[in-house]
Amino acid sequence: MSIDFYWRLPTHGCHNSLHTSGYERGDWSPLKPGNIAPGLGRDGEPDGFTYIDHLTEIAKAAESVGFLGGLIPSFPNTDDPWVIAPLLARETRSFRFMIAFQPGFGNPVHTARMAASLQRATGGRLLFNIITGGGGPAQLWWGDSFAHDDRYGRTSEFLDIFRGVWDSPNVSYDGRFYQLRGGGLPPLLRREEFPEIWFSGSSDAALRTSARHADYYLSWLEPFDQLGDKFARVKERTAALGREQKCAVRVDLVARATEEEAWRDIRIGFENVSEETRQRWRGQPTDSVGASRQAALRPTDARRYDELIVAPNLWGGFNLLRGGPALGIVGSYEQCAARLADLIARGADAFILAGTPHLEEAWRIGEEVLPLLGRQARTLLAAAE
Amino acid sequence: MTLNIHWRLDPAAEPLRSEPGTEHALPAFIRDRRATSRNRFDYYVQVARAVAQTAFDGLFVRHRSEADESRIIAAIVARETPRLLVVPEFPASVGSAVYAAKQAATFQRATHGRLGWAIAAEENAASREAEADFVPDEDLRQRLDEFLTVARGVHRDRPFTFQGRHFEVLDGGFEAPLNQHRFPKLFLQGEDDGALALSARHADVHLFAPGPVDVLAERIATLNTLTAVEGRQVAAGLIQPLLVREDRDGAENDVQHLPLASGTLVASYDEAADQLAAYAAAGVTELLLEAVPTLEEAYRVGQHLLPRLRARTGAARKAA
């Protein structure tokens, strides 16, 4: 058995460190001296680099240090993964592009053509993180007026057609959301490998759709027992359909040479969080079940960083330090590796890891944590024998 | 007026070039060390770089349902060419207008604003149904109108709200930095008055099909009348397939070997330059040229026709 490790490309800029809230990489904060991509030249003018140049550095770092590829997230105020992937295609050799995509936003046949073209351009390095939930005002921002459970029906039909036109040159389909008559990709595109499908979403509708279509069920980190139960449920449901589905965790790490150093960085970052940041994240409206499982932690109300330590090496305040889920792993290299091994023991088959700043932390985690994980796994295996 | 000259890449043309598995095989006694990782996109990139090196202003990428997708090709070649405007052609059935506009924003940010959009001509109903597109003929123009209204709207305004028959947005619109580049230079096409009226509302350039200079001049006058009503300006463009050679005999001789697109200009370099300069004098400011094989002809046209044409139109500008 092998475990797949992915990194993450930050599509909304990146911070210099967990200590600061500004985005000093990219142009999501006002440019000032020391900014990167774009940087400022001698006379204070942008130097001509753009954020894609920094993303290129991250992707090359991740591929060099041994990550298979990276998740490319998509939210209203981010760059778009369908454009980032082809821009980076020829800058990288083995890096796989995991495009986060809401199926309702694209015509299924045209999307299949785009995906097959990207497979051809990259030697089969494309995969998808299919997102359906989210919801609330954000869905109408995107121009999507479908209700939560309808969106899962639509996702399911979308994937039927997406796979259908890849498998056959002549497909017809009569669904509630999509119709198709005599569609199919041309032979040169159809011979490409069908991309892996990773699925997110914690509601019943999500788990149902995932069991039918996905290769991987992807979850944010949750308290370990809760996550282990969820993975068991996912695998059980999928097995009942006669399919197999693997499970994956997307998690941020703060890994340092010692545990003290790791918590020190968390403490400084936490103490620098502004009231404005807390306000922004407090009570975010959404109908996504995955998000509300995390909201029970209420990191925006904490006064000390250590109120948010929910288990050894597990901290619930990451959303205060950067966009994304609240729960993450904090500790020494050995502890971080041990927690990842715990997750493997609870059913994780793959990981999307991240750390801030994404460039340097890709090297650090790839060089310091992943090799230890190998040794621990070997020790576990030896002990089991 | 500056004359902008673009080349058009048809991804379905020269289908064997750089296509793994189908390309030109060498005899066994010739040592073949071509990299196994080469692929079709090597050819697209080579064409794009040729187009940049021969001083074209832009590269169009045709929409072909039987070939690689134009926006993927566009992003890949844009990263490998420093200067060109890159214009993928795609149908209005691609999906969400908000999503298309957002992808355009990332493209612009990464390429210093070198993206254009060309909306493909609508195909017949059977072809559209094979693309999961069941919008009836009579609604197509309305759909395109809404698509462009929403795409431009979310790029320009925040909040942006729109309720149409095909698209709907509530409290949308891009924030900084996604809105900091211009909307892609927009090329529309179509010969009837309805197409011109749509261009008058949305396009930066209306692309005409080849035809006699006086007919084209008349259509340009109609376009200008319609755009004046909208209080806008829309440039006139011409899609012109070419078969040009050093002399007329050479061109006519080669006609026998090539199935030509309708309206192809068969001429010597000098004659073609005269003809294209006449279009420019009639008000055409954007030329979209094409010929096959795409790579070799880009060099030929770039090296022989463009200097002649630019000398003629430059002289005309000075005289004016």
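Residues numbered from 1 in each chain as written. Chains lettered and ligands numbered in written order. Predicted model: local features only at pLDDT ≥ 70, side-chain atom pairs only at ≥ 80, totals over all residues.

### Quick word on the overall build of chain B
Scanning chain B from N- to C-terminus turns up ten helices and eleven strands. The globule rule puts the C-alpha radius of gyration for 320 residues at 20 Å, and the 21 Å found for chain B is close to it. With respect to the principal axes defined by its C-alpha atoms, chain B has extents near 65 × 55 × 40 Å. (Helix = DSSP H or I, 4+ residues; strand = E, 2+ residues; numbered from the N terminus. Rg over C-alpha atoms; globule rule 2.2 N^0.38 Å.)

### Structural notes on the overall build of chain A
A tally of helices and strands in chain A yields 14 helices and 13 strands. The C-alpha radius of gyration computed for chain A amounts to 21 Å, which stays within 12% of the reference 21 Å derived for 385 residues, consistent with globular compactness. Principal axes of the C-alpha set define a box for chain A whose edges measure 65 × 60 × 40 Å. In chain A, which comprises 385 residues, the proportion classed as buried is 53%. For chain A, contacts bridging at least 24 residues in sequence account for 69% of all contacts bridging at least 6. (Buried ≥ 20, exposed ≤ 12 C-beta atoms within 10 Å, placed from the backbone. Contact = placed C-beta atoms within 7 Å.)

### Remarks on helix H13 (residues 333-345) of chain A
Residues and elements named next belong to chain A. If you check H13, its first and last C-alpha atoms are 18 Å apart, about what 13 residues at 1.5 Å a residue would give, namely 18 Å. When H13 is considered as a whole, its buried residues turn out to be Tyr 333, Gln 335, Cys 336, Ala 337, Arg 339, Leu 340, Ala 341 and Leu 343. Of the residues flanking the end of H13, it is Gly 347, one or two places downstream, whose phi is positive at about 110 degrees. (Expected span 1.5 Å × (residues − 1).)

### Quick word on unusual backbone geometry
Across the junction of A:Ala37 and A:Pro38, the peptide omega takes the value 5 degrees, indicating a cis bond. Here A:Pro38 shows up in the loop between strand S1 (4-8) and helix H1 (51-65). Cis geometry is found at the peptide bond from B:Ala176 to B:Pro177, where omega equals 0 degrees. As for its position among the elements, B:Pro177 is in the loop between strand S6 (168-172) and strand S7 (185-189). Of note, the phi angle at B:Ala132 is positive, near 60 degrees, even though the residue is not glycine. Tracing the sequence through the fold places B:Ala132 in the loop between helix H4 (125-129) and helix H5 (140-156). B:Ala132 gets classed as buried once you count the C-beta atoms within 10 Å, which come to 26.

### A short note on the interface of chain B and chain A
The interface of chain B with chain A comprises 42 residues on the first partner and 42 residues on the second. Of all the elements in the fold, those that place two or more residues in the side of chain B that touches chain A are helix H1 (40-53), helix H2 (70-80), helix H3 (97-111) and S6 of chain B. Ranked by residues supplied to the side of chain B that touches chain A, first place goes to H3(B) with nine residues.

### Re the domain arrangement of chain A
Many structure descriptions define interface size as the accessible area lost when the parts assemble. Splitting chain A by domain gives domain 1 (1-98 + 250-385) and domain 2 (102-214). A separation of 27 Å is found between the C-alpha centroids of domain 1 of chain A and domain 2 of chain A. (Domains from an automatic or database assignment.)

### Thoughts on the environment of A:Ser29
Residue and element names in this part refer to chain A. The topology assignment puts Ser 29 in the loop between S1 and H1. Looking at Ser 29, the number of C-beta atoms within 10 Å reads 17, which means it is partly exposed. Between the alpha carbons of Ser 29 and Tyr 152 there is a distance of 35 Å; along the sequence they are 123 residues apart. Ser 29 has contacts with Gly 22, Tyr 23 and Glu 24, leaving out every residue within four places of it along the chain.

### What about the pairing of S7(B)?
Residue and element names in this part refer to chain B. Counting buried residues along S7, five of its five residues qualify, which places the element largely inside the surrounding structure. Residues Lys 185, Phe 187 and Gln 189 of S7 are buried on one face, and the alternating residues Leu 186 and Leu 188, pointing to the opposite face, are buried as well. Where S7 meets strand S8 (residues 205-208), three bridges bridge the pair, whose relative direction is parallel. What sits directly across from Gln 189, in S8, is Leu 207. (Pairing = 2+ DSSP bridges.)

### Describing the nonpolar core
Ranked by size, the top nonpolar core spans 207 residues in total, and within it A:Ala85, A:Ile99, A:Trp198, A:Ala248, A:Phe351, B:Val51 and B:Leu59 carry the most contacts. Residue contributions to this core peak at nine residues, all from H3(B). Here this core spans two domains, and each of domain 1 (1-98 + 250-385) and domain 2 (102-214) of chain A adds at least three residues to it. With sequence-adjacent residues up to four places away left out, A:Ala248 is seen in contact with A:Trp198, A:Tyr216, A:Tyr217, A:Leu218, A:Ala348, A:Asp349, A:Ala350, A:Phe351 and A:Ile352. (Core = buried A, V, L, I, M, F, W, Y, C linked by C-beta atoms within 7 Å.)

### Some details on the confidence of the model for chain B
Model confidence for chain B is summarised by a mean pLDDT of 95, while 98% of its residues fall at 70 or above. Predicted as a complex, the structure gets a pTM of 0.95 and an ipTM equal to 0.96. (pLDDT = per-residue confidence, 0-100.)

### Quick notes on the packing of H3(B) against H5(B)
Residue and element names in this part refer to chain B. The contact between H3 and H5 brings their axes to 8 Å, and the two run at 50 degrees. Looking at the two axes, H3 sits oblique to H5. Relative to H5, H3 is oriented so that their crossing is right-handed. Contacts from Ala 97, Val 98, Ala 100, Ala 101 and Ala 105 of H3 reach H5 at Phe 147, Val 150, Ala 151, Val 154 and His 155. When grouped by side-chain class, the residues that make up the contact of H3 with H5 number nine nonpolar, one polar and no charged. (Axes fitted to C-alpha atoms, helices over the stretch in contact; angles between N-to-C directions. Parallel < 35°, antiparallel > 145°, perpendicular 65-115°, else oblique. Left-handed = near helix turned anticlockwise from the far one by under 90°. Nonpolar A, V, L, I, M, F, W, Y, C, P; charged D, E, K, R; others polar.)

### Some remarks on the environment of B:Glu175
Note that B:Glu175 resides in the loop between S6 and S7. Through-space distance from the C-alpha of B:Glu175 to that of B:Phe60 is 29 Å; in sequence the pair is 115 residues apart. Leave out the neighbours within four places in its chain, and B:Glu175 touches A:Asn77 and B:Arg158.

### As for the environment of B:Gly116
Residues and elements named next belong to chain B. Along the polypeptide, Gly 116 turns up in strand S4 (residues 116-119). By the C-beta count within 10 Å, which is 22 here, Gly 116 ends up buried. Between the C-alpha atom of Gly 116 and that of Pro 88, which follows or precedes it by 28 residues, the distance is 6.9 Å. Other than its neighbours up to four places away in sequence, Gly 116 contacts Gly 58, Leu 85, Val 86, Val 87, Pro 184, Lys 185 and Phe 187.

### What to know about the packing of H1(A) against helix H2 (residues 81-89) of chain A
Residues and elements named next belong to chain A. H2 packs onto H1 with a crossing angle of 65 degrees between their chain directions and a minimal axis gap of 10 Å. As judged from the angle between their axes, H1 and H2 are roughly perpendicular. The handedness of the crossing between H1 and H2 comes out as right-handed. Across the interface between the two elements, Ile 52, Leu 55, Thr 56 and Ala 59 from H1 touch Ile 84, Leu 87 and Leu 88 from H2. Classifying every residue of the contact of H1 with H2 gives six nonpolar, one polar and no charged.

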